[in-house]
Each structure stands twice: as C-alpha cells, then as structure tokens.
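# Working through the structure, step by step
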Amino acid sequence: MTTSALAQTTPATPGERVLPPLRIGRHVIDSPVVLAPMAGITNRAFRRLCREAGDAGLAASGLTGASSLYVNEMVTSRALVERTPESMRLIEHDGDERPRSVQLYSVDPATTAAAVRMLVTEDRADHIDLNFGCPVPKVTRKGGGAALPWKRDLFRAIVSAAVTEGAKGEVPVTVKMRKGIDDEHLTYLEAATAAVEEGVAAVALHGRTASQAYSGQADWSAIKLLKETVTSVPVLGNGDIWSAEDALRMVEETGCDGVVVGRGCLGRPWLFADLSAAFAGAQVRVRPTLGEVTATLRRHAELLTDFYGGDELRACRDIRKHIAWYLKGFPAGSTVRNQLALVDSLAALDRLIETMDASSPWPGDAAEGQRGRAGSSRVVALPENWLASQDLDEAQRAQVAAAEQSVADGG
C-alpha cells in the first residue's frame, strides 16, 4: 500500500506521540510495534509489505525512522545449526531490512547457544527472539513453546545461553510467552522475572494460556500485572489487536511499552500504516478500495515468487491461504473466491483480479474484527508427567533432547 492510499485527516504535530520509541538493546524502533512471528506467514515477502506500509504511515505522520520491528517466522535452532535449506531460507532478509529479526525455537540450551552463535558470528541477525508461546500440539507435546517455561531450570538455561552468545555481537535477545499452560499452571510472572535476570532486552506476553490457543478473549489484565512486575526492560502486549484503536486501548489499559500484532494484519499489511500513525498521534488510517487490495495481493504473490527462487507455482500455493483474509468483507463472489483458492500462476491470478470491481470501496465493519482461526479451548498435549514437577527429571531430560532432533526433522 503506497502513501497515496493513506487517508490523512489530522497531521501529527511534535509532542503528540502516544509512546516514546521502543528500545530493544541498541536498537531504537520509532513506532513501538512488533510484527509477531507467524509460521508460514511472516517470511521475507510479507515482512516487506508490512515494512513499506509502516514506513509510509510514519512518513505521512511527519516522522522518519524504523517504523516497527518485523520478526521472521519461527525457525528451529537444530535445523538452523544443521543449515537445512528451508531454515536458511527462513532467516533471509531484504538488503534494506533493519533491524534483521529472527525468532528461534529450541528445547535445548546447547543447541540454542550454537544457533545464536551462528547468527551472530555470520552477521545474519540484529535481534533474536525466543519462542515460548507456541500452543501447537506438535510443539508442546515435546516440551517446547508454551509448555517450556513450566520447567524453570530449562527455561532459564535456554535464555541464558541465547543472551550470552548474543552479547558477543551486541545482538539483543527478547522472549515471547503466554500466561502459562492453563489457568492452573501459570508461568508468565516467574518466567519473565527469570528472563530479565538472565539479561533479556524485552518481554512480550500474549494474554492467553496454551490451552486457550486463540479462543476466547485475551487477558489484558495479565499484561498490566506483568508491566507492574517487570520495570527494568520493555513489556510488550499481545492479543486481540485488530485495529490501531485496539493498540491504543491496550497501552492505555495496561501501561505496556509497545504492542505485538499477529493475526490482526493477516491479509492487511497496511495495518502497520495505521499503527505507525496512531502511535505518532496522527489520525491516518488506510481504507483501501478493492483495486488497491488486489494490487497488494498481486504484489504479495510476486514477492513470494522471488522468495521461492522464481517458483511461481509454490508462490501461488502460498498466497492461496491469504486470499480470504485480503477479500474479507468485499463483494467478491464465491466462484471467484473458489478459483482464487486454486490459482497456480501469476497470469491466472491477474485474470481473476481483472474480473473484480476495482472501484468497490472499503466495506467498513465487514472487513474489521477477528482474522484467522480462533479455535476452541483444549487440553494441552504435554510430555509424560510434565506437570508433576517444575524441574526436569532424567527421563524428561532425555525426552526433550530427542525432541530437539525430531522437531528439526519436521516431526
């Protein structure tokens, strides 16, 4: 989305900023917004669309700088150390992308250290985030993601390993977590305190438990409590930010230092223009026509083609999952939507786009609100006897070590 698509009504003036720039170690992020790492979504192509929109929103507000922090999708530490082709693709960044942000997943301190060491010594990242929030069963049943902070010593050891290696190249490390496994097994306050003691540069909290997945309503009161507990580094809030107004409300209600936006930008990378403007104190909001939306969709597919080394078919298979998000609320018929869901080339995509009414205006409320699947609450898949103690026993230690290899192999 270009600056021409920005509907600016009230320019920002000096002193109207909602929050100061976000500081992550040595990095200053002018707009206190982070693109949440999302598997299969926040690759180099999508990040570029978000960055361009965020920069345009900042410029329209009369400011310059790094509009937000755009984090790549999660990469497994073991796969990265083994330099699997896909893991190396996932950590690719555009030449003008700064800071270069990588999110790592691991259940083993030694592998974490090796992965961070590689990123630092080979100058492949400027910021590293550690994933302790993933609720997906194939991750939690191996003790990873949102299940891991329950094991206090393991959590602390992984964070310490990453921070130690990152410090050798002035690469700050942050952590992203959930409230806990379920309401009876909350971990976020203890884990955040431990992470700060180990030297992380910021803590991000999704206000849900792993058992909630993405269902129900995010608990912003937990973010407020975390902010009151952790005062030495920025605390970032995540969960149910569907608009710039939601982001402003989260900051007002919780006192957090910035926001992390995930599902709210699905099929809507221009949300980062709204966010940049909102935090700069400007009433700049993007309300694109269907023609502008399909132009963004088409460019997304083109950027994906480049990301996949010119493989149009793979790029089109990837873009299919974005189509419903892009067209949410617009009057595109079921026939066209179904055909778009089967598109196999850029030429085919162009032909289908040409059949739609480019002049259709932004549909308003029909295009707003929740995006992506919410799911429902569930019992979290965990390793055997995981909840019996917050310390690893020998059997679990062996199980976790084996899981590191399994995840790297795609298991």
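Quick notes on the rules
Residues numbered from 1 in each chain as written. Predicted model: local features only at pLDDT ≥ 70, side-chain atom pairs only at ≥ 80, totals over all residues. Heavy atoms only, no water. Domains from an automatic or database assignment. Contact = heavy atoms within 4.5 Å. Buried area = accessible area lost by both parts, 1.4 Å probe. Salt bridge = Lys/Arg side-chain N within 4 Å of Asp/Glu carboxyl O. Polar contact = N/O pair within 3.5 Å; in protein donor to acceptor, adjacent residues only side chain to side chain. Helix = DSSP H or I, 4+ residues; strand = E, 2+ residues; numbered from the N terminus. Nonpolar A, V, L, I, M, F, W, Y, C, P; charged D, E, K, R; others polar. Buried < 20%, exposed > 50% of the residue type's maximum accessible area, 1.4 Å probe, protein only. Core = buried A, V, L, I, M, F, W, Y, C linked by side-chain atoms within 4.5 Å. Phe/Tyr/Trp six-rings, centres within 6.5 Å; stacked < 30°, edge-to-face > 60°. Lys NZ or Arg CZ within 6 Å of the ring centre and 35° of its normal. 1 Å grid on protein atoms, 1.4 Å probe; cavity = no way out; pocket = protein on both sides within 12 Å on 5 of 7 lines; lining within 4 Å. Points joined across faces, edges and corners; volume = space filled by probe spheres on them.

Domain assignment breaks the protein chain into domain 1 (22-286) and domain 2 (290-362). Tallying the contact residues gives 17 residues for domain 1 and 17 residues for domain 2. Here domain 1 packs against domain 2, burying approximately 1,500 Å² in sum over the two surfaces, 64% of which is carbon and sulfur. If you look at where domain 1 meets domain 2, you find three salt bridges. For the pair domain 1 and domain 2, the number of links is five residue pairs in polar contact (both at pLDDT 80 or more). Of all the secondary-structure elements, those providing two or more residues to the side of domain 1 that touches domain 2 are helix 1 (44-60) and helix 3 (85-90). Considering each element in turn, the side of domain 1 that touches domain 2 owes the most residues, six residues, to helix 1. When the residues that make up the side of domain 1 that touches domain 2 are grouped by side-chain class, the tally is seven nonpolar, three polar and seven charged.

Another point: the pattern of salt bridges. Applying the stated rule across the entire model yields 39 salt bridges. For Glu165, the salt bridge goes to Arg117, with nearest N and O atoms at 3.3 Å. Here Glu165 is found in helix 6 (residues 152-167), whereas its partner Arg117 is found in helix 4 (residues 109-121), with 48 residues between them in sequence. Assessed through its relative accessible area of 38%, Arg117 is described here as partly exposed. Each of the salt bridges in this network shares a partner with another, and the network as a whole consists of Arg44, Arg48, Arg51, Glu52, Glu92, Asp94, Asp96, Arg299 and Asp306.

Once that is clear, we can look at the side chain of Glu165. Take Glu165: its relative accessible area is 8%, and that puts it in the buried class. At 3.2 Å, the side chain of Glu165 and the side chain of Lys168 are in polar contact. Non-local contacts of Glu165, meaning those with residues more than four positions away in its chain, are made with Ala113, Val116, Arg117 and Val120.

Let us look at the nonpolar core. Membership of the largest hydrophobic core comes to 82 residues, with the highest contact counts inside it found for Leu104, Leu130, Met177 and Val259. Other than its neighbours up to four places away in sequence, Met177 contacts Phe132, Gly133, Phe155, Tyr188, Ala191, Ala192, Val203, Ala204, Leu205 and His206. Counting 33 residues, the second largest nonpolar core, distinct from the first, contains Ala53, Val293, Val343 and Ala348.

This model, assessed by the stated rule, comprises six aromatic pairs. Three or more aromatic residues joined by ring pairs form one cluster here, namely Trp270, Tyr326, Phe330 and Trp362. The residue whose ring lies beneath Arg89 is Phe307, and the NZ or CZ to ring-centre distance is 5.7 Å.

Moving on, we get to helix 10 (residues 271-280). An α-helical segment advances 3.6 residues per turn. Residues three or four places apart therefore align on the same side. The buried fraction of helix 10 amounts to 10 of the 10 residues, a majority that puts the element mostly inside the structure. Turning to helix 10, its buried residues number three or more, namely Leu271, Phe272, Ala273, Asp274, Leu275, Ser276, Ala277, Ala278, Phe279 and Ala280. Two residues or fewer past helix 10, Gly281 is found with a positive phi of approximately 90 degrees.

Right, let's get into empty space enclosed by the protein. Applying the stated rule across the entire model yields two cavities of 30 Å³ or more. In this structure, the largest cavity spans a volume of roughly 110 Å³. Lining the largest cavity are 15 residues, with Val34, Asp129, Thr174, Ala204 and Leu236 sitting closest to its centre. Elements with a contribution of two residues or more to the lining of the largest cavity: strand 8 (127-132), strand 9 (173-178) and strand 12 (202-206). A class-by-class count of the residues in the lining of the largest cavity yields 11 nonpolar, two polar and two charged. One number sums up the size of the second largest cavity: a volume of about 40 Å³. Together, Ser77, Leu104, Tyr105, Ser106, Thr112, Leu130, Asn131, Phe132 and Ile158 line the second largest cavity. If you list the elements that add at least two residues to the lining of the second largest cavity, you get strand 7 (101-105) and strand 8. The element that contributes the greatest number of residues to the lining of the second largest cavity is strand 8, accounting for three residues. Of the residues contributing to the lining of the second largest cavity, the split by class is five nonpolar, four polar and no charged.

The residue after Arg98, namely Pro99, is reached through a cis peptide bond having omega -10 degrees. Structurally, Pro99 can be placed in the loop between helix 3 and strand 7. One non-glycine residue, Glu170, lies in positive phi territory at about 55 degrees. Phi angles above zero are rare outside glycine, and Ala213 is one such case at about 55 degrees. With respect to the helices, strands and loops of the structure, Ala213 is situated in the loop between strand 12 and helix 8 (220-229). Looking at Ala213, the relative accessible area reads 4%, which means it is buried.

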